[in-house]
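# Chain and residue survey
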Amino acid sequence: MISVEPHLGEQQAHTIRQMITSLDEAYWRDRSRHKPNLGLNGEVGHYFSCGRESFPEVIRLAVDAIEPIIPGYECEDWVVNRTLLGGGMPPHIDNEGYLAVSLLCMQSNSGEFRWYENNDLEKPQSILDKSGQLIRFNQMQLVHSVPSALSERYVIVFLYR
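These lines cover the structure that appears in this document, whether it is placed above or below. (Residues numbered from 1 in each chain as written. Predicted model: local features only at pLDDT ≥ 70, side-chain atom pairs only at ≥ 80, totals over all residues. Heavy atoms only, no water.)

## Some remarks on the sheet that holds strand β1 (residues 2-6)
To keep it simple, the criterion reads: For two strands to pair, DSSP has to find at least two bridges joining them. Helix and strand definitions here come from DSSP, where helices need a minimum of 4 consecutive H or I residues and strands a minimum of 2 consecutive E residues; each element is numbered from the N-terminal end. Pairs of residues are marked as contacts when any of their non-hydrogen atoms sit within 4.5 Å. To define axes, lines are fitted to C-alpha atoms, for helices over the stretch in contact only, and angles between the resulting N-to-C directions are given on a 0 to 180 degree scale.
If you walk across this open sheet you meet the seven strands as β1-β9-β6-β11-β4-β3-β2, and the pairing is antiparallel. Edge strands, defined here as strands with exactly one partner in the open sheet, are β1 and β2 (29-30). Across eight bridges, strand β4 (residues 75-83) lies against strand β11 (residues 153-160) in antiparallel orientation. By the bridge assignment, Arg82 is partnered in β11 with Tyr154. Across the sheet, helix α1 (residues 10-21) lies against β4 and β11, angled at about 100° from β11, the strand it touches most.

So, in structure tokens, the structure goes:
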């Protein structure tokens, strides 16, 4: 099931996003080259990521403090995905072994999260980025994608077991 709800105020999301955007380029892994997130037909996504343990402590603590709680699940890790203008992820199914995911949008109007009703690529459902918005799902076989970003896009991905 997909749910969408506000999680942070716009100012708090902006403050954390500013902290994240201040990182040097060396922190970001190019996911088209390192552990690519392959689409259903082997397509490669174009985005960057930085895992929790790689962040400076001040950012790590700020993100830990806003971790969404999902009853019955324990947040095991989080990662920030950074997608540049025009980058994105093809339709795919996550296969990391997690049981639930929360996606926290860090800005508005930068793009969207797309999922496919009954995993039918002819039935896309879009959720536009909104600063502080949380998108949750626990259907790990759910086909989803990130169409081309409209501007530099940051999303914190919380991973649960």
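So, next bit.
## Comments concerning the pattern of salt bridges
For clarity, the threshold we go by: Each salt bridge in this description consists of a side-chain nitrogen of Lys or Arg and a carboxyl oxygen of Asp or Glu lying within 4 Å of one another. Type-normalised accessible area, obtained with a 1.4 Å probe on protein chains alone, sets the label of each residue: buried when under 20%, exposed when over 50%, and partly exposed for intermediate values.
This structure, assessed with the given rule, holds nine salt bridges. Arg52 is the partner of Glu53 in a salt bridge, and the nearest nitrogen-oxygen pair spans 2.6 Å. Owing to a relative accessible area of 61%, Glu53 belongs among the exposed residues under this scheme. Of the charged contacts, one joins Arg153 and Asp129 as a salt bridge, the two residues approaching to 2.6 Å between their closest N and O atoms. One end of the pair, Arg153, is in strand β11; the other, Asp129, is in the loop between β8 (124-128) and β9 (133-137), and 24 residues separate them in sequence. The same class applies to Arg153 and to Asp129, which are both buried. Among the charged side chains, a salt-bridge network with shared partners connects Glu25, Arg82 and Glu152.

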